[in-house]
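The primary structure of each chain is shown beneath.
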Amino acid sequence: MTAERMGMEAALLGRQRHDGNVTCVLTHCARGEEAILGDGSHIFLNEAGGMSALGGIFPHTISNQPDGRYAWMRSRPPFAVRTSTSPGPASSVWKIRTTAATGAALTPEYTAAAVSLAKSRGLSVHLDGARIFNAAVALGVDVRELTRGVDSVNVCLSKGLQHPSAP
């Protein structure tokens, strides 16, 4: 039922949000590759280095604006996607989020732009959708509008039942 609701092929139940994000990132990256994510993202700040400890995945952080969007929305992307021939770990996945720590809901248009950019650079897209149902209600859209084009999504029902800006 969750997979259908999210517009995804399948779903897996994890015991906590941390497990879901790490599991999703591990499906997109091999040991020694990198995940591109925001410097204010939950995965980077609050998930105890799980992707590094469990999967040997390097975080490649880029700046988040206060509303949770990446700065590239105002100009060209400020980061380089590394390939297997580049020095350092190869980029494999770009992590985005449906709501910022401020409670701002990121629009379907923002997600579509992020997915388009990621795919043009050969990256998978993981969506941290802890409060995706709140974002869908706040924006007045079906939740599938917020997951369109992403390769994986993590949903947290306990957070999804709270106000979008609740910690």
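Up top is the structure.
In what follows, the accompanying structure is described. Computed from a prediction, not measured in an experiment: that's the story for all the values here.

Calculation criteria
Residues numbered from 1 in each chain as written. Predicted model: local features only at pLDDT ≥ 70, side-chain atom pairs only at ≥ 80, totals over all residues. Heavy atoms only, no water. 1 Å grid on protein atoms, 1.4 Å probe; cavity = no way out; pocket = protein on both sides within 12 Å on 5 of 7 lines; lining within 4 Å. Points joined across faces, edges and corners; volume = space filled by probe spheres on them. Helix = DSSP H or I, 4+ residues; strand = E, 2+ residues; numbered from the N terminus. Salt bridge = Lys/Arg side-chain N within 4 Å of Asp/Glu carboxyl O. Buried < 20%, exposed > 50% of the residue type's maximum accessible area, 1.4 Å probe, protein only. Pairing = 2+ DSSP bridges. Axes fitted to C-alpha atoms, helices over the stretch in contact; angles between N-to-C directions. Contact = heavy atoms within 4.5 Å.

Thoughts on the layout of surface pockets
Taken as a whole, the largest pocket holds about 800 Å³ of empty space. Lining the largest pocket are 29 residues; nearest its centre among them are Ala11, Leu12, Leu13, Val153 and Val155. Sorting the residues of the lining of the largest pocket by element identifies α1 (2-6), α2 (17-28), β5 (152-155) and α8 (157-160) as the ones contributing at least two each. Top contributing element to the lining of the largest pocket by residue count: α2, with 6 residues.

Focus: the pattern of salt bridges
Enumeration according to the criterion identifies 4 salt bridges in this entry. Between Glu34 and Arg82 there is a salt bridge; the shortest N-O distance is 2.5 Å. In this pair, Glu34 sits in strand β1 (residues 34-38) while Arg82 sits in the loop between β2 (58-62) and β3 (91-97), placing the two residues 48 residues apart along the sequence. Taking relative accessible area as the criterion, Arg82 reaches 28% and is therefore assigned partly exposed. Note that Asp151 and Lys119 form a salt bridge whose closest N and O atoms lie 2.5 Å from each other. Of the two residues, Asp151 is situated in the loop between α7 (143-147) and β5 and Lys119 in helix α5 (residues 108-120); the sequence distance between them amounts to 32 residues.

Points about the sheet that holds β5
Read across the open sheet, the 5 strands follow the order β2-β1-β3-β4-β5; overall the sheet is parallel. One side of each edge strand has no neighbouring strand; the edge strands of this open sheet are β2 and β5. Along the sheet, successive strands turn relative to each other by an average axial angle of 25 degrees, direction set aside. Of the pairings in the sheet, the one linking β1 to β2 comprises 5 bridges and is parallel in character. Across the sheet, Ala35 pairs through a bridge with Pro59, a residue of β2. Against the sheet, α5 touches β3 and β4 (124-129), its axis set at about 175 degrees to β3.

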